[in-house]
Amino acid sequence: MHHPQEPRATDRPAAVGPTGPADTPRVGAQRRAAEAQAAARARSEGESAAVDRLATTVDRLRLELEQAQAQAAGRAVVEMGVGVLVERLRCGPTEAARQLESLAEQAGVTVLALAADLVNQAAADEISALAREFVADASVPPTEAVAVRLRSAQADVLASGDAAAAARSMLEHALRPLGAAAVAIWAAHPDLSLSLAGSAGFPEEEARRWRHVPPGVPTPARRALDERAAVGYPTLAGASLPSIGQHEIHGGRLAVPAGVGGRLIGVLEICWPDTLPERSQPLQRQFEALAELAATTLESWSGQEPAACDPADAQFGELRQLTDGLLDPCMILRAAPDSDELPPRFVIRHLNPAFVDFAGRPTGVLTGTRLLEAYPLAAEPGGLADKVEHVFATGEPFRAQDMRLAALVDGVPLTTRAQVSISRHGSHLAVVWRLDDGTPRVARLLQHAQRLGRIGGFEENLRTRQIAWNETVFELHGLPPTAAPLALDQLPDRAHPDDRHAIDRFLRTLLHHQRPASTAFRLQRPDGVTRHIRVVAEPVRDPGSGRDSGLGSRLDGDPGSGLGTGLGTVRGAYQDISAQHWTEVALAATRDQLAQSEQQAAERSRLALQLQHAIMPPTRGPLDLHDLSVAVRYRPAEKDHLVGGDWYDTLALPSGDVLLCVGDVSGHGIEAATGMVALRNALRGLAATGAGPAQLLSWLNSVTHHLTDNVTATAVCGLYEPATRRLRWARAGHPPPVLLRGGRADILPQLGGILLGAIGHADYEQGELVLEAGDTLVMYTDGLIERRDESLQASLTSLTALAEESRTGSAAGSTTGSAKLEELLDHLLRYSNADTDDDTCLVGVMVR
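Per chain, residue numbering runs from 1 following the sequence as it is written. Per-residue local features of the predicted model are confined to residues with pLDDT of at least 70, and side-chain atom pairs are confined, for both listing and counting, to 80 or more; whole-chain, interface and lining totals are unaffected and use all residues. Side-chain measures here rest on the full set of heavy atoms in the structure, leaving out hydrogens and waters.

### Concerning the overall build of the protein
Strands here mean DSSP runs of E at least two residues long; helices mean DSSP runs of H or I at least four residues long; both are numbered from the N terminus. Regarding its fold elements, the protein presents 23 helices and 27 strands. Residue contacts are defined here by distance: any two heavy atoms, one from each residue, within 4.5 Å place the two residues in contact. The contacts in the protein between residues at least 6 apart in sequence include a share of 61% that link residues at least 24 apart. Here the open area of atoms and residues is found with the Shrake-Rupley method and a 1.4 Å probe, where only the protein chains shown may cover a residue. If you sum the accessible surface of the protein, you get close to 42700 Å²; carbon and sulfur atoms cover 53% of it.

### So, the sheet that holds strand S20 (residues 658-665)
For two strands to count as paired, DSSP must find a minimum of two bridges between them. The antiparallel open sheet is built from 5 strands, whose spatial order is S19-S20-S21-S22-S25. Edge positions in the open sheet fall to strand S19 (645-652) and strand S25 (766-770), since each of these has one partner strand only. For this sheet, the mean angle separating the axes of adjacent strands, direction not counted, is 15 degrees. Sheet topology places S19 next to S20; 8 bridges connect them, and they run antiparallel. Paired with Tyr648 across the two strands is Val662, which belongs to S20. Convention adopted: a line fitted to C-alpha atoms gives each axis, helices being fitted over their contacting stretch, and angles between N-to-C directions are expressed from 0 to 180 degrees. Lying on the sheet, helix H20 (residues 670-687) is in contact with S19, S20 and strand S21 (713-721); it crosses S19 at an angle near 20 degrees.

### Concerning the packing of aromatic side chains
Put simply, two rings from Phe, Tyr or Trp (the six-membered ring, in Trp's case) pair if the centres are within 6.5 Å, and we call them stacked under 30 degrees between planes, edge-to-face over 60, tilted for the rest. Taken as a whole, this structure holds 7 aromatic pairs when the rule is applied. A connected cluster of aromatic rings, assembled from ring pairs, spans Phe458, Trp469, Phe474 and Tyr574. The criterion is that NZ of a Lys, or CZ of an Arg, lies within 6 Å of the ring centre and within 35 degrees of the ring normal, and then a charge sits over that ring. Lying across the ring of Phe316, Arg349 places its NZ or CZ 3.9 Å from the centre. Its end group placed over the ring of Phe392, Arg424 keeps NZ or CZ at 4.4 Å from the ring centre.

### Describing unusual backbone geometry
You will see that Ser240, though not glycine, has its phi angle at about 55 degrees, which is positive. On the accessibility criterion, Ser240 (63% relative accessible area) is exposed. Despite not being glycine, Arg725 has its phi angle at roughly 55 degrees, a positive value. Along the chain, Arg725 falls in the loop between S21 and strand S22 (726-732). Exposure categories follow from relative accessible area, calculated using a 1.4 Å probe and restricted to protein chains: below 20% of the type maximum is buried, above 50% is exposed, and the middle band is partly exposed.

### Examining helix H18 (residues 500-512)
The end-to-end C-alpha distance of H18 is 17 Å, a good match for the 18 Å that 13 residues give at a rise of 1.5 Å each. For H18, the full list of buried residues reads Ala502, Ile503, Phe506, Leu507, Leu510 and Leu511. Angular distribution of buried residues about the axis of H18 spans 140 degrees; they occupy a single face of the element. Positive phi appears at Gln514, one or two residues downstream of H18, with a value of about 55 degrees. The length a helix should cover is 1.5 Å for every residue beyond the first. By definition, the arc is the one covered by directions from the helix axis to the C-beta atoms.

### Quick look at the sheet that holds strand S6 (residues 263-271)
The 6 strands lie next to each other as S3-S2-S1-S6-S5-S4, forming an open sheet whose pairing is antiparallel. Single-partner strands in this sheet number two, and they are strand S3 (212-213) and strand S4 (231-233). Strand direction decides the pairing type here: strand S5 (residues 253-260) and S6, joined by 8 bridges, are antiparallel. Looking at S6, one finds that Gly259 is bridged to Leu264. Docked against the sheet, helix H8 (residues 220-227) engages strand S1 (182-188), strand S2 (194-200), S4, S5 and S6, running at close to 140 degrees with respect to S6.

### What about the pairing of S19?
Side-chain direction in a regular strand flips from residue to residue, so the side chains alternate between the two faces of the sheet. Burial analysis of S19 places 6 of its 8 residues in the buried class, which makes it a mostly covered element. Between S19 and S20, which pair antiparallel one after the other, the connecting turn spans 5 residues, and Gly656 there sits at a positive phi close to 100 degrees.

### Some details on the packing of H20 against helix H21 (residues 693-707)
Where H20 contacts H21, the two axes come as close as 10 Å, and the packing angle between them is 140 degrees. Relative to H21, H20 is oriented oblique. Every pair of crossing elements has a handedness; the one defined by H20 and H21 is right-handed. Between H20 and H21, the contacting residues are Leu679, Ala682, Leu683, Leu686 and Ala687 on the first element and Leu696, Trp699, Leu700, Val703 and Thr704 on the second. Nonpolar residues are Ala, Val, Leu, Ile, Met, Phe, Trp, Tyr, Cys and Pro. Charged residues are Asp, Glu, Lys and Arg, and all others, Gly as well, are polar. Residue composition of the contact of H20 with H21, grouped by class: 9 nonpolar, 1 polar and no charged. Note on terminology: angles under 35 degrees are roughly parallel, angles over 145 are roughly antiparallel, angles of 65 to 115 are roughly perpendicular, and the others are oblique. It is the rotation of the near helix from the far one that decides the hand of a crossing: anticlockwise by less than a right angle makes it left-handed, clockwise makes it right-handed.

### A look at the pattern of salt bridges
Criterion for a salt bridge: a side-chain nitrogen of Lys or Arg within 4 Å of a carboxyl oxygen of Asp or Glu. Summed over the entire model, instances satisfying the criterion amount to 31 salt bridges. For the salt bridge of Glu373 with Arg370, the shortest nitrogen-to-oxygen distance reads 3.9 Å. According to the relative accessible area criterion, Glu373 is exposed, its value standing at 54%. Here the salt bridges do not stand alone but share partners, grouping Asp657, Glu721, Arg726, Arg728 and Glu768 into one network.

### So, the nonpolar core
Take the buried residues of types Ala, Val, Leu, Ile, Met, Phe, Trp, Tyr and Cys, join any two whose side-chain atoms come within 4.5 Å, and each joined set is a nonpolar core. Residues Met331, Leu333, Tyr375, Leu384, Val388, Val420 and Trp433 are the most contacted members of the largest nonpolar core, which totals 31 residues. Broken down by secondary-structure element, the contributors of at least two residues to this core are strand S7 (330-335), strand S8 (346-351), helix H13 (371-374), helix H14 (384-394), strand S9 (398-409), strand S10 (412-425) and strand S11 (428-435). Counting residues in hydrophobic clusters, the runner-up holds 29 residues, among them Leu175, Val256, Ala258 and Trp272.

### Some thoughts on a nonpolar patch on the surface
A surface patch of nonpolar side chains, about 210 Å² in accessible area, is lined by Ile754, Leu755 and Ile759. Its location among the elements puts Ile759 in the loop between strand S24 (744-747) and S25. To count toward a patch, a residue needs a relative accessible area over 30% and no salt bridge; like charges are then connected within 9 Å, while nonpolar side chains (Val, Leu, Ile, Met, Phe, Trp, Tyr) are connected within 5 Å.

### Section: the packing of helix H6 (residues 163-175) against helix H10 (residues 281-299)
For the pair H6 and H10, the least separation of the axes is 10 Å and the interaxial angle reads 160 degrees. Taken together, the axes of H6 and H10 lie roughly antiparallel to each other. Pair H6 / H10 crosses with right-handed handedness. Residue-level contacts link Ala163, Ala166, Met170, Ala174 and Leu175 of H6 to Gln286, Phe287, Leu290, Leu293, Ala294 and Thr297 of H10. By residue class, the composition of the contact of H6 with H10 is 9 nonpolar, 2 polar and no charged.

As structure tokens, then:
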């Protein structure tokens, strides 16, 4: 059907309306706009189609590139497999290649997998052992993938011989299938520094920044070398260790030492984007095999920059070698790569071995940081930062014989003077300084002194109210480092109410009289803890104030507000003296307790001495009992508090016999004195029964053991019958008596008998002898003969010799027996060679 053609726009009559002919241009404009929109849509659709085609092409090329890389990596493994068949089948390479393809087709595996399996069977290395472990463990991925990946990485490493290429091969073939995102191969040096020999997965600038790690930086690689074992961290941030890629890859890290022949020459560091995967034994062996490959490349690594590196890095390598040979401290700066600011920000890229930070910080803390982060006070006008920017902008070198350098040590400014030289070398700057001797040492001493003394410094600008605290002051006040520092005029609010007057005097001296001041007070912290604090401060006057710091300066109103009379800044220190305070309190209490103890001990000694003297006077004149003359001598211990338990007794019994005894209670003091009294009285009561000396000591032993509190003693007991002059005697662990007869001294036999109180029941041996007129019997305690360097027998021999000497010297000058007896006792006591501090009791009995 034919439809009449519609008239064209140009054939149509002009519209007629209220506006008349003026409507015609508007219609044309609308038509042109519609045509333009249609054309734009067509162009957009065409561009979208072109972009889609381009994306498809890029994906295809990427896939082809990955396949080509995989084929290139696997080609070396296939060639090794062909070599194994050449050796086994005794054929040529072409025939061996055909046999390899045929065997792979028959086995239903790829040629690459079969070649890797042949190499594993022929090789006796870590990779083949690892492949066998994967065969035995059904819980791990298939053996084929592991063997192929490791052999491909090995072939690539051996073919390239370059650490950077080795790192890329390990990442692509062996580590990406395990979820790793990056890998770094570190070379270890004898000076404990590390060099990045190769890496993959990190930005180029990050790899350049970590090209060298100075000694002392605690990186994961350094920890692995120190421990000589693999170390892993679930996350790098949680380990608080710096390392390459710390800002890009935040997941787990594994550092495996790489060594050859038992010698560690480097570390393989593997990075994961997420947490560190669980390390099974096969996986650990796989990482160790890769570390062996890394060690192979490190053996031939020269430490030089790759030939195709950035020219700026090549220049940096030359500059680093030059500065490392300098004897003066030097730092190499480079403008921050991401800095588009003017002036640029500079990063400390390298510090030479001679570098010494005048703030006492180790070089590992400074390397890689921005200049103004390490030295914020360098931004002062005319400071180091200004000079660095000028040299970088103009290329003109800068030299100064005496320049002020400043740094912050725990928030406290530290300044020094140094000779400084700055020069530009391409995109780098070399800053050399020669410090005043002793400045770094003083800085380190300051840090250690503040730490050991719990001292924190502060500075307060009284005009601007700006307050600077170091970290120790925040800790002392119990405040976080982000809290606002406390002004001096707020101290009374934080002090104990009883100490506010002391704080007021301190502030008045410091702020009103403008003189150095100090005080101690109890600081009540926000956390409820009370600390004893000493604050010391001094005013720092403005140089141009023209006023002295005497009493003429006055502050109006609040001490912290009217501060315009030349006093601009106050600096000082807080010190935690809590330990010292409590030590002084404990020492005072100890002194009081010691004084009380000494008083009690003196009182006990006095009572014991009085008790002893009441029963046993030190000197007792001759006592006549029947035909016996008895004399006593007692010498107390050299030290007053060593009141001993020596005792004696001579008593005429109802039976007509005479009781003669000497004893020694162990110990000193009131206990020994009371024990002596108990034994002496007990023996007196027992002797009234008429029993012999052996039986008396047996009963006295039972009394000592059962009726006293842990008392032991020695004793010698004798019964003398005046009618027959017969002496029966026994001893309980006591030295035997000495008998002097006819100018000769002899020791009586050492009868058997244990000391008193040691056991519940004991029997004692009894001896007997008949005395003659003129005989003298000497009974004594061990204080008379005891020496530290002699045996008991030697001491007894010395005693007999001394007794004979006394009788010989006194024979002509004495007329009465009593006088001779007393002279004998005095001589023995005076010339005894005993060297102990023990007390001594001596009893002499002469037969008339």
